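For reference, the chains in residue letters:
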Amino acid sequence: MIDGLGIQDLLLIVAFTLAIVFTYKTLVEKDLVRAVVYSAGQAIAYGLAFIVLMAPDLALAYVAVGVGIYSALFLLVISRTERYEKVE
Amino acid sequence: MIKDIVWIYYYASLILITFMSIYGIAVRPNLLKKIIMLSILSDTANMLAVLLGYHILSPKPPVYPGGTFSTTQFPSQEQLSTFAKYAVDPIPQVLVVTAIVIGLAVLVFLSFVAVLIYRRYGTLDMRVVSKKARHEVK
C-alpha cells in the first residue's frame, strides 16, 4: 500500500472513479433503460462513498432511494412513454 | 503531500460529474434524460456537502457518547472531548437526509409532468415539443 494513504482513501478513489465512469455512460447512452441501469450503478458508487465518509444512515437512505425508487420511477415513465432517444 | 493530491482528486472528480450532468441537462433533447441527469446533479451536491464535513484523522460516526435514554447519566468530560475531536461533522449529514427526500419528491413531480407532456404531444424530444407548442400559440 502507498504510505500515507489509508484504506478509506483507496475506497474513496475507487468510488469516485466508478461514479465518473457511470455518469459518462449515462450521458452518452441512447437506450434509456440502459441509462437508468448506469444511473443505479452511480448510486451504488455514491453509497460506498457515504459509508467510507462515516455517514451510514445516509448510505441506508440513499441506496434505498437511488437504486430502488429512482429506477422504478424512471422505468415506469419509460413504460408509459418511449424507450429510445432520437438521433438527429 | 500525497494526501493533498488525493483530496484534490476527490473535489475535481465531483466537479467533473457536476459539469457532465449540467451538460446533460442543457444539451440533451430527451426530457427523461434531462431528469436522470438532474438526479445525478442533486446527488453530487449532497456528496460535496458530506465530503466537506469529513474528518481526516481517524474519523468516527457522529454518535452521542452518553446514555441517550436516561437523563441522569451524562457523558464525562473526556468522552465529550474525544467526541468533539474525532467525530465527523453531523450538520451536513442531517441536512443531506432532508435533501435526499425532497429531491425524491421533486423527481416524482417531474416524471408526472413528463408523462403528461408525452400524452399531449406524442414525443419527449424537447425540440419537437417546443416547436409544436409555439405553433399552438399562434
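Right above here is the structure, for reference.
Residues numbered from 1 in each chain as written. Chains lettered and ligands numbered in written order. Predicted model: local features only at pLDDT ≥ 70, side-chain atom pairs only at ≥ 80, totals over all residues. Heavy atoms only, no water.

J.: I keep staring at the overall build of chain B and nothing clicks. Help me out?
T.: Within chain B, the secondary structure is distributed over five helices and zero strands. For chain B, the succession of helices and strands along the chain, N to C, is α-α-α-α-α. Since a compact globule built from 138 residues should have a radius of gyration of about 14 Å, the 23 Å found for chain B marks it as more spread out than a globular shape. Across its three principal directions, the C-alpha atoms of chain B cover 75 × 45 × 20 Å. Counting over 138 residues, chain B shows a buried share of 36%. Long-range pairs, those at least 24 residues apart, make up 63% of the contacts in chain B with a sequence separation of at least 6. Working note: accessible area of chain B is about 8300 Å², and carbon and sulfur atoms make up 72% of it. (Helix = DSSP H or I, 4+ residues; strand = E, 2+ residues; numbered from the N terminus. Rg over C-alpha atoms; globule rule 2.2 N^0.38 Å. Buried < 20%, exposed > 50% of the residue type's maximum accessible area, 1.4 Å probe, protein only. Contact = heavy atoms within 4.5 Å. Areas by Shrake-Rupley, 256 points an atom, 1.4 Å probe, with all protein chains shown as cover.)

J.: Would you mind going over empty space enclosed by the protein with me for this structure?
T.: Counted by the stated rule, this structure contains one cavity of 30 Å³ or more. Computed from the structure, the largest cavity encloses a volume of approximately 30 Å³. (1 Å grid on protein atoms, 1.4 Å probe; cavity = no way out; pocket = protein on both sides within 12 Å on 5 of 7 lines; lining within 4 Å. Points joined across faces, edges and corners; volume = space filled by probe spheres on them.)

J.: It is not clear to me how the packing of helix H2 (residues 31–52) of chain B against helix H4 (residues 90–121) of chain B should be interpreted in this structure. Could you clarify?
T.: Between two packed helices, the angle of one axis relative to the other and the distance separating the axes together describe the packing. Residue and element names in this part refer to chain B. For the pair H2 and H4, interaxial distance at closest approach is 10 Å and the crossing angle is 175°. One element, H2, and the other, H4, form an angle in the roughly antiparallel class. Contact residues: H2 offers Leu31, Ile35, Leu38, Ser39, Asn46, Ala49 and Val50, while H4 offers Pro92, Val96, Ala99, Ile100, Leu107, Leu110, Ser111, Ala114 and Ile117. When the residues that make up the contact of H2 with H4 are grouped by side-chain class, the tally is 13 nonpolar, three polar and no charged. (Axes fitted to C-alpha atoms, helices over the stretch in contact; angles between N-to-C directions. Parallel < 35°, antiparallel > 145°, perpendicular 65-115°, else oblique. Nonpolar A, V, L, I, M, F, W, Y, C, P; charged D, E, K, R; others polar.)

J.: So what exactly am I meant to see when it comes to the packing of helix H2 (residues 32–52) of chain A against H2 of chain B here?
T.: Following both chains from N to C, one finds H2 of chain A and H2 of chain B inclined at 5°, their axes separated by 11 Å at the closest point. The angle between H2 of chain A and H2 of chain B falls in the class roughly parallel. On the side of H2 of chain A, the interface is formed by Leu32, Ala35, Val36, Ser39, Gln42, Tyr46, Ala49 and Phe50 of chain A, while H2 of chain B contributes Leu32, Lys33, Ile36, Ile40, Asp43, Thr44, Met47 and Val50 of chain B. Residues of the contact of H2 of chain A with H2 of chain B, tallied by class, amount to 11 nonpolar, three polar and two charged.

J.: I'm lost on a nonpolar patch on the surface in this one. Help?
T.: Residue and element names in this part refer to chain B. A contiguous nonpolar surface patch, about 300 Å² in accessible area, is contributed by Ile15, Phe19 and Ile22. Here Ile15 is to be found in helix H1 (residues 2–27). For Ile15, a relative accessible area of 44% corresponds to the partly exposed category. (Patch = residues over 30% accessible without salt bridge, like charges linked within 9 Å, V, L, I, M, F, W, Y side chains within 5 Å. Salt bridge = Lys/Arg side-chain N within 4 Å of Asp/Glu carboxyl O.)

J.: I would appreciate a short explanation of the interface of chain A and chain B in the present structure.
T.: Where interface size is given, it is often the accessible area lost as the parts come together that is meant. The interface of chain A with chain B comprises 47 residues on the first partner and 49 residues on the second. Across the chain A/chain B interface, buried area totals approximately 4500 Å², and carbon plus sulfur atoms make up 73% of it. For the interface between chain A and chain B, the tally reads three salt bridges. For the salt bridge of Glu85 of chain A with Lys33 of chain B, the shortest nitrogen-to-oxygen distance reads 3.3 Å. (Buried area = accessible area lost by both parts, 1.4 Å probe.)

J.: Any chance you could explain the side chain of Thr26 of chain A here in plain terms?
T.: With respect to the element layout, Thr26 of chain A can be found in helix H1 (residues 7–28). The residues touching Thr26 of chain A, leaving out its near neighbours within four places in the chain, are Ala35, Tyr38 and Ser39 of chain A together with Lys33, Ile36, Met37 and Ile40 of chain B.

J.: Would you mind showing me how to read the nonpolar core here?
T.: As a rule of thumb, soluble globular proteins bury nonpolar side chains together. Counting 54 residues, the largest nonpolar core has Phe16, Tyr46 and Phe74 of chain A together with Leu32 and Met47 of chain B as the members making the most contacts within it. Broken down by secondary-structure element, the contributors of at least two residues to this core are H1, H2 and helix H3 (56–80) of chain A together with H1, H2 and H4 of chain B. Not counting the four nearest positions on each side in its chain, Phe16 of chain A is found in contact with Tyr46 and Ala49 of chain A together with Tyr10, Ser13, Leu14 and Met47 of chain B. (Core = buried A, V, L, I, M, F, W, Y, C linked by side-chain atoms within 4.5 Å.)

J.: Help me out: how do you make sense of the pattern of salt bridges in this one?
T.: Two side chains with opposite charge may pair up if their charged atoms get near one another. For the structure on display, the rule yields six salt bridges over all chains. Of the charged contacts, one joins Lys3 of chain B and Asp9 of chain A as a salt bridge, the two residues approaching to 2.9 Å between their closest N and O atoms. Residue Lys3 of chain B is located in helix H1, and its partner Asp9 of chain A is located in helix H1; the two belong to separate chains. By relative accessible area, Asp9 of chain A is classed as buried at 5%. A network of salt bridges, in which partner residues are shared, links Glu85 of chain A together with Arg28 and Lys33 of chain B.

J.: Sorry, what's going on with the environment of Pro65 of chain B here?
T.: All names here are of chain B. Within the fold, Pro65 resides in the loop between H2 and helix H3 (77–86). Using a relative accessible area of 26% as the deciding quantity, one classes Pro65 as partly exposed. Taking C-alpha positions, Pro65 is 59 Å from Val128, a pair spaced 63 residues apart along the chain. Among all residues touching Pro65, those that are not within four sequence positions of it are Pro75, Gln79, Leu80 and Phe83.

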